[in-house]
Each structure stands twice: as structure tokens, then as C-alpha cells.
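# Architecture and fold: a report
Each chain is listed here by its residues.
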Amino acid sequence: MNIEHPENDKKYLGLQVNSGVTSQPTVNPYRRARAKSIPQLTAGEYVEGIIKGDVSVLGRAVTLVESTSERHHALAQEVIEKCLPYSGKSRRIGITGVPGAGKSTSIDAFGLHVIREGHRLAVLAIDPSSERTKGSILGDKTRMEKLSQNNDAFIRPSPSAGSLGGVARKTRETIVLCEAAGYDRIFVETVGVGQSETAVHSMVDFFLLIQLAGTGDELQGIKRGIMEMADGIVINKCDGDNIDRAKLAAAQFRNALHLFPPTPSKWVPEVLTYSGYFELGIAEVWDMIDRYFEHAIKTGYFDLKRMEQEKYWMIETIDEKLKESFYQMPEVAALLEQKELRVLNNEQSSFTAARDVLDFYFERIRSK
């Protein structure tokens, strides 16, 4: 007797294993057909929808900007160029902090405060991607429960996809689209303390550092470079039994800031405490940010910083395109493999090998 499952033998009374359902395809068979049914908009239609504040068109435009397809790239750049005259009128605020500091919860509270003051808010969150699969959870909306339900808020997580430089450029382009859509307050949330902070700092007007108290040596957990970039430092979770620790941490940060050189804006960074979960001290944090903007605009630093950022991103784009051109040239890729073997076999130094490859690349460029 051929028994498919031993458990179905008659000696096992009351036990039966049924055959499972057949495996279903992991991809919806109608997906491709449905995708084709959505017509691609022209650059003019994208711009018209964005200026009208159509959230669905804005979302599609951001997807277009994030696309790696060359076909989408030209259209995305045309849309951005046409949106530029309508941009630049927002306040851009970068928000960073150690993982678990409560960035998303704080943004939820900060965002509601901003909207209550009559503003429209766009939240651009750079989500960390897996280095192996390049996948991201993109779950920021689940941690911004109140804000995600508000019609005056636009929340867009973007995967870092292992390339902080690339996602930073696309985030900056997304800022232009959001400003053209009428969002006058832009929050850019970073992955966490690390390389992404430098990129985000170069695209925002105010850089807010969120820190925790009661986690050991408060000053050890933050790099000096991150603190020097911060225009304001706020200690989260100042509630319940943690109030005294939060105030102590704030005092330690104030003392540490006295050791740093003056900021280019001549603004003295302030250190405040608040509770994002219980929404305590939110108004005080925002008053500090308003004071910074008054100072920056009055001294002319606001316009100066914006101009410096424009130059910075022009140079960054040139660097990115040069690198892309270099690595995508088939002859260079073939020569690189040869040089790698010579370096690994100690037949040539890494420096001379690099020089040879670069000389070859520039020679091919000149001969075209």
C-alpha cells in the first residue's frame, strides 16, 4: 500500500494529513497588463498636476525621479527644470539621530504642530536598504500614524539602495517637486548617524540632531562632525523617570558645544529637551527653529547657504556622471580586470595600475 503521508496510516486513528493547495505564482499575472493600462504623462502634464497640488501626480513624478531607467531620466529632468521657477520657497529641515532616538515619532509630533500653524508639510525619509538584496521596508508611514492621515502632509520614504550619493541627489530633486506642489515645510529624515548626514546637511537649511539620555556616555555616541553640523540639539523622551537624565544630558551637550569653533552662520546651537511620544516641549523646539531662520535671513546667511548648496550639487552631479561614464565603458571594465590580477599577484602597485587605467580612459575620451 503506497501511503503518501505516513500519518494517514489506519493505525494512527483520528489523524489525517490533507494535500495542500497548489503553489500559486508569486507575481500577479495581470500586473503587467494593468501597468500598461496607465498612460505615461508628458512633462507638461506632470508639471500642471504638480502645481495644482495633485498628490497622485506628485507621487508618480517622484517615482519617475527615482527610476534608474535612462528612458525615464530625460523626462524626469525636464519635469524638474520646469518646476524650478515654482520652488525654493520652503523651509528645509534635516532631522537625524541615533537609531531608536524616536525620529519618526518626533516627526509625527513636529509635523502636526507645523500643520496646525497653517503650513503644508512634505516628509522625505531615506530608508536603509539591505546591502545583499537592496530591499527596504519603507515603513516610515506606520510610525507616523497621525501625520500619514493628514491631507496637508505628504510622506515619501526612499530606499538608499546601497548608494547614499544617488539617493541624496534624488531626494534633493524631490524637494524641488514638493516645493512646486505647494509644500512650504520640508522634513528630510536620514538613515541614522553616518555618511548620509553630510549629504542631507548639504540640502537643508536647518539641521536638527535628536539624542537620547540615559544610554551611557551621552557624548560618546555622537561623532564630533555630526555635532558640528547640528544647528540645534534636542534630547527626546524627557518624560516620567527620565526627566532628570534628559536635563543632565542637555547640560553635557551645552558644555561640549562651547568647545567647538563658531558656526559659519554665527548662530549658537541651542540644546532643548522634549517628549515626542507625549508631545511635550514641541512648541519650544519649533520656536528655536523659527529663531534660527530669523537670524539666518537677517544676516544673509540663508541665501548664501542656498547658493553654496547649488554649487555643491552641480559639482556632485559632475562627479557622479564622470564615475558612471568611467565604469560603463566596456574597454575600461576589461582593462580593470587585467590590472586587478596584476595587483593581486604583486606584479604592479595599485597606484600605477590606477594611473594606467585612468590614462587609458582619458585617451579614449580624447580620441572620440
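In this report, the structure presented in the accompanying data block is examined. (Residues numbered from 1 in each chain as written. Predicted model: local features only at pLDDT ≥ 70, side-chain atom pairs only at ≥ 80, totals over all residues. Heavy atoms only, no water.)

### Concerning the packing of aromatic side chains
Using the criterion set out here, one finds 13 aromatic pairs in the structure. Taking 5.7 Å as the distance between ring centres and 85 degrees as the angle between the ring planes, the aromatic pair formed by Y292 and F293 counts as edge-to-face. By the burial criterion, Y292 is buried, and F293 matches it. Just above the ring of Y183 sits the side chain of R120; from NZ or CZ to the centre is 4.1 Å. (Phe/Tyr/Trp six-rings, centres within 6.5 Å; stacked < 30°, edge-to-face > 60°. Buried < 20%, exposed > 50% of the residue type's maximum accessible area, 1.4 Å probe, protein only. Lys NZ or Arg CZ within 6 Å of the ring centre and 35° of its normal.)

### What about the nonpolar core?
General note: in soluble globular proteins, nonpolar side chains tend to be found buried as a group. I50, L177, I233 and I235 are the most contacted members of the largest nonpolar core, which totals 53 residues. Setting aside its immediate chain neighbours within four residues, I235 contacts Q211, L212, A213, A246, A249, A250, F253, V271, L272, T273 and Y274. Listed in part, the 35 residues of the second largest apolar core include V123, I155, F187 and F206. (Core = buried A, V, L, I, M, F, W, Y, C linked by side-chain atoms within 4.5 Å. Contact = heavy atoms within 4.5 Å.)

### Describing helix α11 (residues 282-299)
Taking 1.5 Å per residue as the helical rise, α11 with its 18 residues ought to reach 26 Å, and the 26 Å between its terminal C-alpha atoms agrees with that figure. I282, V285, W286, M288, I289, Y292, F293 and A296 are the residues of α11 that are buried. An end-on view of α11 places all buried positions within 150 degrees of arc, on one side of the element. Residues of α11 that are exposed and point over 90 degrees away from its buried face: E294 and K298. Just past α11, the residue G300 takes up positive phi, approximately 85 degrees. (Helix = DSSP H or I, 4+ residues; strand = E, 2+ residues; numbered from the N terminus. Expected span 1.5 Å × (residues − 1). Arc of directions from axis to C-beta.)

### Some details on the packing of helix α12 (residues 301-328) against helix α14 (residues 350-367)
It is the contact of α12 with α14, at a shortest axis distance of 11 Å, that shows an interaxial angle of 95 degrees. One element, α12, and the other, α14, form an angle in the roughly perpendicular class. From α12, L322, S325 and F326 reach across to α14, where they touch V357, L358 and Y361. Class assignment of the residues belonging to the contact of α12 with α14 gives a composition of five nonpolar, one polar and no charged. (Axes fitted to C-alpha atoms, helices over the stretch in contact; angles between N-to-C directions. Parallel < 35°, antiparallel > 145°, perpendicular 65-115°, else oblique. Nonpolar A, V, L, I, M, F, W, Y, C, P; charged D, E, K, R; others polar.)

### Focus: empty space enclosed by the protein
On inspection of all chains with the given rule, the structure shows two cavities of 30 Å³ or more. When its volume is computed, the second largest cavity comes out at roughly 30 Å³. Along the walls of the second largest cavity sit D205, Y292, A296, Y301, F302 and K305, which together make up its complete lining. Looking at the lining of the second largest cavity, the elements with two or more residues in it are α11 and α12. Sort the elements by how many residues they give to the lining of the second largest cavity and α12 lands first, with three residues. (1 Å grid on protein atoms, 1.4 Å probe; cavity = no way out; pocket = protein on both sides within 12 Å on 5 of 7 lines; lining within 4 Å. Points joined across faces, edges and corners; volume = space filled by probe spheres on them.)

### Concerning the environment of A296
Take A296: it is sitting in helix α11. For A296, a relative accessible area of 1% translates into the label buried. Once you skip the residues sitting within four places of it in the chain, A296 turns out to touch Y301 and F302.

So yeah, pure geometry; function would need other evidence.
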